[in-house]
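# Overview (structure and organization)
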Amino acid sequence: MSPEEIIQRRVARELRPGTLVNLGIGLPTGIARYIDPDLGILFQSENGIVGMGSRPPEGMEDEELTDAGGSFITAVPGAATVDSTLSFGLIRGGHLDVTVLGGLEVDEKGHLANWVVPGKMVPGMGGAMDLVACARRVIVAMQHTAKGRPKIVPTCTLPLTANRRVTLVVTDLAVIEPTEDGLVLRERAPRAAVEEIVAATSAKLIIPDDVPEMVFLD
Amino acid sequence: MSPEEIIQRRVARELRPGTLVNLGIGLPTGIARYIDPDLGILFQSENGIVGMGSRPPEGMEDEELTDAGGSFITAVPGAATVDSTLSFGLIRGGHLDVTVLGGLEVDEKGHLANWVVPGKMVPGMGGAMDLVACARRVIVAMQHTAKGRPKIVPTCTLPLTANRRVTLVVTDLAVIEPTEDGLVLRERAPRAAVEEIVAATSAKLIIPDDVPEMVFLD
Amino acid sequence: MKQAISPQQAAEMVPDGAVLMIGGFMGVGSPHRIIDALVAAGRKNLTVIANDTGKPDFGIGRLIRANAIAKVVASHIGTNPETQKGMIEGRIDVDLVPQGTLAERIRAGGYGLGGVLTRTGLNTIAAKGQRVIEIDGEDWLLATPLKAEFALIHCDRADFVGNLTYELTATNFNPVMATAGATVIAESREIVPVGLISPDNVNTPGVLVDYLIRREAHRVA
Amino acid sequence: MKQAISPQQAAEMVPDGAVLMIGGFMGVGSPHRIIDALVAAGRKNLTVIANDTGKPDFGIGRLIRANAIAKVVASHIGTNPETQKGMIEGRIDVDLVPQGTLAERIRAGGYGLGGVLTRTGLNTIAAKGQRVIEIDGEDWLLATPLKAEFALIHCDRADFVGNLTYELTATNFNPVMATAGATVIAESREIVPVGLISPDNVNTPGVLVDYLIRREAHRVA
C-alpha cells in the first residue's frame, strides 16, 4: 500500500453508515473509493451538493455539476443541491457528521493549521475554517512528515484553522487521537514501529501499553 | 363614500406601478380592489407569497394557498411562494416598498401603536413590528377616531410597534404626514373642514395655508 | 432510507414536557396527523415554538384545547382566544416574538449561529430583557437562537431518503424548522421513490430529516 | 415585466470603481457574458465580492487578467495565481473571509440584519479587527453585512417578470447575492414566459431582480 492508500483506507473505516461526510480536495477526496456504496454514506461538497457521486462518463459532464475543486462530478440517486447559505447551514448547524481535511500541522492541543503559509501560500481558507470549527467530527488525513520534517508538533507555528481540538489524525504512520491530556497514539501503520513514529513526531505522544496495528476494510 | 372607502381609495393612490406592497389584514386588505391590475403592483403576504391574487372561485380553493389572515387567495401569473425566512428577508431587507397597516394610535413623532392593548387585547405582533420597522414606506390606514376619541395623539399611550416615524397616515377625515417638525395636515376628506379635523385630533397639527381636498382615482 | 412511522409512533417518541417546533401558519401547513396523535396520547406540559397557535381546536389549537401546552413561543395568538384565555389564567406561558425575528431565531439555531442582529422591536416592549448591540452608532437587538428537541413539520412531497418539497403558502416555517430540531419528523402529503424529486427541487435535504409519517390508508394497493 | 438588456448595456451601467457581487464558484455559475462585457468595456478599480476569483482568464479571472479589479472580498484565491500575484505586488487588495461567513454576511446585507454571530474563525488571524461578542460565557465573532451596488448573477431559468431558478451546483452564491445588490442583473440560460415557472419552483422572486440579460442569437426565429 502506498502512504496515501494507507491513510485513505484507514480513514474510510471511520465513516459510519448513513452519515453526512465532507471530504476535502486532494488526498481526502480519494477516500470515497474505499467506501461501500451500500453503507448509505452521503458525501457533501460545500459548493452545494449533498450526495456527490463519482466522475461522470467522458462526454457526459455537466458544467453545472462540479465539486468544490471545480471538477466534474455526478449526483447519486437521492442527491440534493443547495445554495451556499444552506450548504454552510448544514456544516455550521452541526448537521455534518465528519469532515476529512488535509493538514500542514497539528499540535499537542489538537489544533490544526492547514490554510496558509504566511508570505508563501495565501490561497484563502475557503470552507476549511467553517468545516473545522463546526463539523461534529474533524479528521485530519495527512502524511506524517513533510520532506522529513514532523508535521505533528508541540505548538503550531502556522496560523490555526480553528481553535477547536480535532477528533482524529490519520497519517501514513499512525492514528493519533487528540485528547484533553494530549496526543494519544492509538494505532501503528503496517510495519511502523512505535519508536519510528515517535522519532517522526516532534510533539509529545502519550503511548498506551498496547498500540495495535491499523486494521483496514476489505 | 363610506369612511372605509375614503381611506381605501385614498391609500390606493399612494401605490406606484411596479412596486411590492403588503396590505395588512382588515381594512387595508380592501385597498386591492381599487388598484388597476395593469399597474403591475405586486401584493405580498408575509406568510409567504409575492403576487397574491383575489379570492378563488367557490369550490376551487386550495387549502395550501392562503393569506396571512388564513383566508383563501389566488396567485397572479408570475407569483412566487417563499418560506418565512425569505418572506421576512424581503420585508427586512428593504425590498418591500410599502406596507399599509391599521392603527390604534399615531403620535406627534409619527410613532405607531397598533399591536397590543395591555390587559385587554394581547394578540401578538405577528409581522407588524417587522413591517413597520423595515418597510421602505409605512402607511397607516385607520379611522380618525375610535368611539369619538382621537387616535392621533400627542404621545402614544399604547406600546409602540416600532420606534420609526411612519410615512403617511390616511384616515376618513384627512391625510397627515409625520415630519421631523411634527404632523402636517396634507389633505381633507370630501366635506371635512380643517376645523373638524383639528377637533377630532388631540395631537398638534401643522396646518399649511392650503389644505386641498383628497383626490381619488376613477 | 428513512423509516416511515405512524403518527402514534411519532407521538410516543415525544415525552411530556418536550420542546417542540411545529410548522404551519394558522394551521396551513401544519402536521395535522401528528398533532392529532399528540392529543390522543394525552401529552402534557409541552413547549411549542410556532408562528401561532392556530384556531380553536384547529392546528396547534387542538393541543391548546387538550391542555397539552404549558409554554408557547409565537408571533401571534390572536386567532385563538383559548390561548389568550390560558395566558390570562396563568395556565400557558406565552412568549411573543416578532414573526421575522422568530424565523431568524429558528434559523440561527439550525444554522449554528450565536444570534442575529435585527432592528425589529428595538425600543419597544418586545425588546424587554434583550441585549442591544451598538455598531457604528446604530443600535441593534440581539436575537438569540432557538432549538427544539423535535421539529414536527408538514411538507408536500418526500422521497424515500427524506428529501422534502413544500407547496405554496403551506411552506412557511416548515423548511427552517427542519434545520433546528434535534429530531425532525415530516408529515408529507405524498411519499415518492428516490429520483422523483430532482436535486434542484429539493428544499430540505434528507440529511435533516429523521422520520417520515407513513401514508394514510390507500384505496388501492 | 423586466427589461432584457445586452451584456454591453449591463457593463455600461457599471461605473469604474463600483462595488460588485458576482455569483459563481470557480467560474461555475458565474455570469460569463456580463464578465466578458465588463472586460470589453475596460472597467477599472472594481471591488468584487465573490466566493473566489475563478481560474486564470476564466470566470472572475477574466477581470483579474484585465486589471479591472482593485479589491477582492473572497473566501479563496488559491485557484488563480494571478490574483495572488496581484496581491503580493500590491495591485489588488484581498480580504479573505471564511466561505460560510461570506455567505452569511451577504445574506445579512440582503435581509436587513445588522450582523450574525459565528464561531468560524474565532481566535484565528481571520478574526483580526472583528468584534467578539460574549453570550453566556461563550465567545462569538460578529460578522457584519455586505452589500453591493450591483449583483451580477447567473441562473438557469428566468421568466419575463424576473423570477429565477438555479441548477445544481451552479446555484452557489447566486440566490443570496440577488438579495444584496442595489441593482440586480441576472444572466439566465433561458428566459421563459410567465407561468412556465410554478410559484413553488421560484428560488428568487422577480421583485429582487432589476434586469435580465437578453438571449444570445438564436438559430431559429
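### Digging into the overall build of chain A
- Regarding its fold elements, chain A presents four helices and 15 strands.
- In summary, chain A has a C-alpha radius of gyration of 17 Å against a globular reference of 17 Å for 218 residues, a match within 12%.
- Its C-alpha atoms give chain A principal-axis dimensions of about 50 × 40 × 30 Å.
- For chain A, the residues scored as buried account for 61% of the 218 residues in total.
- Taking all contacts inside chain A whose residues are at least 6 apart in sequence as the whole, residues at least 24 apart take part in 61%.
- When the accessible surface of chain A is split by element, carbon and sulfur atoms take 51% of a total near 8900 Å².
- Of note, chain A has its 20 positive side-chain charges centred 6 Å away from the centre of its 29 negative side-chain charges.

### A word on the interface of chain C and chain D
- Across the boundary between the two partners, chain C contributes 22 residues, which contact 22 residues of chain D.
- For the pairing of chain C and chain D, the buried interface totals around 1700 Å² over both sides, and the portion due to carbon and sulfur atoms is 51%.
- The interface formed by chain C and chain D includes two salt bridges.
- A salt bridge links R107 of chain C to E104 of chain D; its shortest N-O distance comes to 2.7 Å.

### Points about the sheet that holds strand 6 (residues 105–107) of chain B
Residues and elements named next belong to chain B.
- What the three strands build is an open sheet, ordered 7-6-11; its pairing is mixed. The sheet terminates laterally at strand 7 (112–113) and strand 11 (152–153), the two strands that pair on one side only.
- In this sheet, strand 11 lies alongside strand 6 in parallel orientation, the contact comprising two bridges. Bridging from a neighbouring strand, D107 pairs with V153 of strand 11.

### As for the packing of helix 2 (residues 84–92) of chain A against helix 5 (residues 99–111) of chain C
- Remark: helix 2 of chain A packs on helix 5 of chain C, axes separated minimally by 7 Å, with the N-to-C direction vectors making an angle of 60°. When the axes of helix 2 of chain A and helix 5 of chain C are compared, the pair comes out oblique. Between helix 2 of chain A and helix 5 of chain C, the contacting residues are T85, L86, G89 and R92 of chain A on the first element and R107, G110 and Y111 of chain C on the second.
- Broken down by class, the residue content of the contact of helix 2 of chain A with helix 5 of chain C amounts to two nonpolar, three polar and two charged.

### Let's talk about the sheet that holds strand 15 (residues 205–206) of chain B
All names here are of chain B.
- The sheet built from 10 strands is open, its strands ordered 4-3-2-1-5-8-12-13-14-15 with mixed pairing. Two strands bound the open sheet, and with one partner strand each, they are strand 4 (74–81) and strand 15.
- Judged from the two bridges that link them, strand 2 (residues 42–45) and strand 3 (residues 49–53) form a sheet pairing that is antiparallel. What sits directly across from Q44, in strand 3, is V50.

### A word on unusual backbone geometry
All names here are of chain C.
- You will see that N172, though not glycine, has its phi angle at about 30°, which is positive.
- Along the chain, N172 turns up in the loop between strand 10 (164–165) and helix 6 (174–177).
- Take N172: its relative accessible area is 0%, and that puts it in the buried class.

### Quick notes on empty space enclosed by the protein
- What the rule picks out here adds up to one cavity of 30 Å³ or more.
- Around the largest cavity, the lining residues are L42, V50, G78, A79 and A80 of chain A together with V161, N163, P205, G206 and V207 of chain C.
- Considering each element in turn, the lining of the largest cavity owes the most residues, three residues, to strand 4 (residues 74–81) of chain A.

### Points about the relation of the copies chain C and chain D
- Between chain C and chain D, which share one sequence, the superposing operator has a rotation angle of 180° and an axial displacement of 0.0 Å; the RMSD is 0.0 Å. Expressed as an axis order, the relation between the two copies is that of a two-fold axis. Residue V116 of chain C, judged by its C-alpha, is the member of chain C lying nearest the rotation axis, at 2.2 Å.
- Most of the interface of chain C is mirrored in chain D, where 100% of its interface residues again form contacts.

### Considering helix 2 (residues 32–40) of chain D
Residue and element names in this part refer to chain D.
- Among all positions of helix 2, only R33, I34, I35, A37 and L38 are buried.
- Each element contacted by the buried residues of helix 2 is listed here: helix 1 (7–13), strand 2 (19–22), helix 3 (61–65), strand 9 (148–159), strand 11 (181–192) and strand 12 (211–213).
- Looking one or two residues beyond helix 2, the residue adopting positive phi is G42, at roughly 70°.

### Here's the deal with the confidence of the model for chain C
- Taken residue by residue, chain C gives an average pLDDT of 97. The fraction at 70 or more is 100%.
- Of the two predicted TM-score estimates for the complex, the pTM is 0.98 and the ipTM is 0.97.

### Describing the pairing of strand 7 (residues 132–135) of chain C
Residues and elements named next belong to chain C.
- Of the two faces of strand 7, only the one carrying I133 and I135 is buried; V132 and E134 on the other face are not.
- In terms of strand pairing, strand 7 meets strand 8 (residues 138–143) through four bridges, oriented antiparallel. Paired with E134 across the strands is D139, a residue of strand 8.
- Between strand 7 and strand 8, which pair antiparallel and follow one another directly, the connecting turn spans two residues, one of which, D136, has a positive phi of 50°.

### A few points about the pairing of strand 6 (residues 115–118) of chain D
- Residues G115 and L117 of chain D of strand 6 of chain D are buried on one face, and the alternating residues V116 and T118 of chain D, pointing to the opposite face, are buried as well.
- In this structure, strand 6 (residues 115–118) of chain C lies alongside strand 6 of chain D, joined through three bridges in antiparallel fashion. By the bridge assignment for strand 6 of chain D, L117 of chain C is matched with G115 of chain D.

### Description of helix 5 of chain C
Residues and elements named next belong to chain C.
- Between its terminal C-alpha atoms helix 5 stretches 18 Å, which fits the 18 Å expected from 13 residues at 1.5 Å a residue.
- The buried fraction of helix 5 amounts to 13 of the 13 residues, a majority that puts the element mostly inside the structure.
- Backbone geometry just after helix 5 places G112 at a positive phi near 75°.

### Comments concerning the interface of chain D and chain A
- Across the boundary between the two partners, chain D contributes 40 residues, which contact 36 residues of chain A.
- Sorting the residues of chain D by area buried against chain A places Q99, L168 and T169 of chain D first, and these three jointly supply 19% of that buried surface.
- Taken together, the links from chain D to chain A amount to one salt bridge.
- Connecting chain D to chain A are 16 residue pairs in polar contact (both at pLDDT 80 or more).
- Elements represented by at least two residues in the side of chain D that touches chain A include exactly helix 4 (81–88), helix 5 (99–111), strand 9 and helix 6 (174–177) of chain D.
- Per-element accounting of the side of chain D that touches chain A gives the leading share, six residues, to helix 5 of chain D.
- Taken together, the residues of the side of chain D that touches chain A break down into 17 nonpolar, 16 polar and seven charged.

### Some remarks on the environment of V116 of chain B
Residues and elements named next belong to chain B.
- Along the polypeptide, V116 turns up in the loop between strand 7 and helix 3 (128–134).
- For V116, a relative accessible area of 4% gives the class buried.
- Sequence-wise, V116 and L160 are 44 residues apart; in three dimensions their C-alpha atoms are separated by 8.6 Å.

### Comments concerning the packing of aromatic side chains
- The full count for this structure, using the stated rule, is zero aromatic pairs over all chains.
- Taking NZ or CZ as reference, R107 of chain C lies 3.9 Å from the ring centre of Y111 of chain C, over its face.

### Quick word on the pattern of salt bridges
- Tallying each qualifying case throughout the model produces 42 salt bridges over all chains.
- In this structure, R186 of chain B engages E177 of chain B in a salt bridge whose closest nitrogen and oxygen atoms are separated by 2.7 Å.
- Residue E177 of chain B is classed as partly exposed on the basis of its relative accessible area of 27%.
- Here R62 of chain C makes a salt bridge to D36 of chain C, at a shortest N to O gap of 2.9 Å. With R62 of chain C in helix 3 (residues 61–65) and D36 of chain C in helix 2 (residues 32–40), this residue pair connects regions lying 26 residues apart in the sequence.
- Assessed through its relative accessible area of 27%, R62 of chain C is described here as partly exposed.

What counts and how
Residues numbered from 1 in each chain as written. Chains lettered and ligands numbered in written order. Predicted model: local features only at pLDDT ≥ 70, side-chain atom pairs only at ≥ 80, totals over all residues. Heavy atoms only, no water. Helix = DSSP H or I, 4+ residues; strand = E, 2+ residues; numbered from the N terminus. Rg over C-alpha atoms; globule rule 2.2 N^0.38 Å. Buried < 20%, exposed > 50% of the residue type's maximum accessible area, 1.4 Å probe, protein only. Contact = heavy atoms within 4.5 Å. Areas by Shrake-Rupley, 256 points an atom, 1.4 Å probe, with all protein chains shown as cover. Lys, Arg positive; Asp, Glu negative; His and termini not counted. Charge placed at Lys NZ, Arg CZ, Asp CG, Glu CD. Buried area = accessible area lost by both parts, 1.4 Å probe. Salt bridge = Lys/Arg side-chain N within 4 Å of Asp/Glu carboxyl O. Pairing = 2+ DSSP bridges. Axes fitted to C-alpha atoms, helices over the stretch in contact; angles between N-to-C directions. Parallel < 35°, antiparallel > 145°, perpendicular 65-115°, else oblique. Nonpolar A, V, L, I, M, F, W, Y, C, P; charged D, E, K, R; others polar. 1 Å grid on protein atoms, 1.4 Å probe; cavity = no way out; pocket = protein on both sides within 12 Å on 5 of 7 lines; lining within 4 Å. Points joined across faces, edges and corners; volume = space filled by probe spheres on them. Least-squares fit on C-alpha atoms with pLDDT ≥ 70 in both. pLDDT = per-residue confidence, 0-100. Expected span 1.5 Å × (residues − 1). Polar contact = N/O pair within 3.5 Å; in protein donor to acceptor, adjacent residues only side chain to side chain. Phe/Tyr/Trp six-rings, centres within 6.5 Å; stacked < 30°, edge-to-face > 60°. Lys NZ or Arg CZ within 6 Å of the ring centre and 35° of its normal.

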